[in-house]
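Okay, here's what each chain looks like letter by letter:
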Amino acid sequence: MTGAAAVAPPVMRAAVIHRYGGPEEFRTETVPEPGAGPGRVLIDVTLAGLNYADLHCRAGEYQRHPLPAVLGADVVGRRRGDRRRVAALLRKGGGYAQVVCAEEALTVEVPDGVSDEQALALLEQGATAYGALTLLGRLRPGERVAVTAAAGGVGHLAVQLARELGAGRVVGLASTVTKREFVRSLGADAVLDPADPQLAARLGESGGVDLFVDSVGGAVLRSGLAALAPFGRLLCVGARGGPEESFSVAELADGSAGVLGFWLQHLLDDRTLFAGVAEHLFRLAQERRLVARIDRVVPLDGVAGAHRAMSGRETMGKVLVDVRRESRDGATAQKPVPRTGDR
Ligand SMILES: NC(=O)c1ccc[n+]([C@@H]2O[C@H](COP(=O)([O-])OP(=O)(O)OC[C@H]3O[C@@H](n4cnc5c(N)ncnc54)[C@H](OP(=O)(O)O)[C@@H]3O)[C@@H](O)[C@H]2O)c1
């Protein structure tokens, strides 16, 4: 025999889709590790996060990646080389895997006193909530804020951050009694059911709303617009489309109202801004002034069940994937795993 034996490329486990569709499309497979490149870092992932946009990606409705694809937009783990604990956002997916190749500019170190779970729950959804409230919503102390899907990943952080930023009154919308109790526990002054036929009137109590942060769209968004106080802003972080989401300038001028649309990508485009927001969120977490709720941690082969739970509106707070663990039967994959220290 002559020549050196070929070195097998490093492999990892990942949740992969081979076609767009429902949660049943996820397969847990052994695939090649991604390679590093200029301006990029390899991360040995401990936890990956779920975001609502992942559901749209999986269905082929948003950011269609080449197939087969690994979805997942946020991770926490150890950076290859210096083994520092880092969290990263991934613009092109790849998160539901044991190794990711992340943009250096979107990778931040996680400080002591902030757990992996908290860091991951805060980075994407926290930056969305904070960016929406401050950069675009321009929330001023004393203003009245309402937040839709207030028990959700973005929403439960937006409620706490609105309080932190000095909002005068915070109203949270959530679809079940359990969710509303949770939103109250976050410091909301009032909670409302988005299905309440009197929603606009109830939102309009106490003088109306100065900043309505909406991730639901449709009729709820319309109620928010109707409830705005003069000079109020309707801020959309997630729209569903449809006729209710069209406005005339005359209609807005009648109420001295503004409609705004927020996209996190623009915050991510500014490395300094992103790093500053992440640092601020982590500091709040260290001081326990911002606490993310971990809804559940599922193993890698529990991604499908986690997607089902999120689209079924069952989740409160952040859903995490422990990419180093597999249940192999899919059953335990869907069970919530309580974590001490988290709400
Ligand atoms: N603009 C951006 O850059 C940006 C960045 C991140 C996230 N987002 C958006 O922010 C929103 C929240 O994201 P997230 O990851 O934190 O998700 P999430 O809020 O944890 O989950 C979605 C929640 O939306 C509510 N909802 C209302 N109508 C629904 C429906 N028909 N089907 C399913 N859920 C419905 C549910 O709460 P209730 O049952 O209480 O109604 C559900 O729990 C999403 O729209 C997401 O796309 C936008």
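(A) Fine view of the site of the ligand. Around the ligand there are 23 residues in total, and Val 154, Ser 175, Lys 179, Phe 262 and Leu 264 lie nearest to it. At 2.8 Å, a backbone N or O of Val 154 approaches an oxygen atom of the ligand. One nitrogen or oxygen atom from the main chain of Phe 262 is found 2.8 Å from a nitrogen atom belonging to the ligand. Contact with the protein chains hides 88% of the accessible area of the ligand, taken as 900 Å² for the molecule alone.

(B) View of the confidence of the model for the protein chain. Per-residue confidence for the protein chain gives a mean pLDDT of 94; residues scoring 70 or more make up 94%. Taken as a whole, residues 331-343 scores under 50 in pLDDT and shows 31 contacts with residues more than four places along the chain or in a different chain.

(C) View of the environment of Gly 217. Mapped onto the elements of the fold, Gly 217 is located in the loop between strand S11 (209-214) and helix H6 (218-226). According to the relative accessible area criterion, Gly 217 is buried, its value standing at 4%. Distance from Gly 217 to Phe 262, taken between C-alpha atoms, is 13 Å for residues 45 residues apart in sequence.

(D) Examining the pairing of strand S3 (residues 40-49) more closely. For S3, a buried count of nine out of ten residues is recorded, marking the element as mostly surrounded by other parts of the structure. In this structure, S3 lies alongside strand S6 (residues 99-103), joined through five bridges in antiparallel fashion. The residue of S6 that forms the bridge with Arg 40 is Glu 103. As paired elements, S3 and strand S4 (residues 74-79) share five bridges and run antiparallel to each other. By the bridge assignment for S4, Ile 43 is matched with Arg 79. Here S3 pairs with strand S15 (residues 318-322) via three bridges, running antiparallel. Within S15, the position partnered with Ala 48 by the bridge is Val 321.

Conventions we followed
- Residues numbered from 1 in each chain as written.
- Predicted model: local features only at pLDDT ≥ 70, side-chain atom pairs only at ≥ 80, totals over all residues.
- Heavy atoms only, no water.
- Near = heavy atom within 4 Å.
- Polar contact = N/O pair within 3.5 Å; in protein donor to acceptor, adjacent residues only side chain to side chain.
- Areas by Shrake-Rupley, 256 points an atom, 1.4 Å probe, with all protein chains shown as cover.
- pLDDT = per-residue confidence, 0-100.
- Contact = heavy atoms within 4.5 Å.
- Helix = DSSP H or I, 4+ residues; strand = E, 2+ residues; numbered from the N terminus.
- Buried < 20%, exposed > 50% of the residue type's maximum accessible area, 1.4 Å probe, protein only.
- Pairing = 2+ DSSP bridges.

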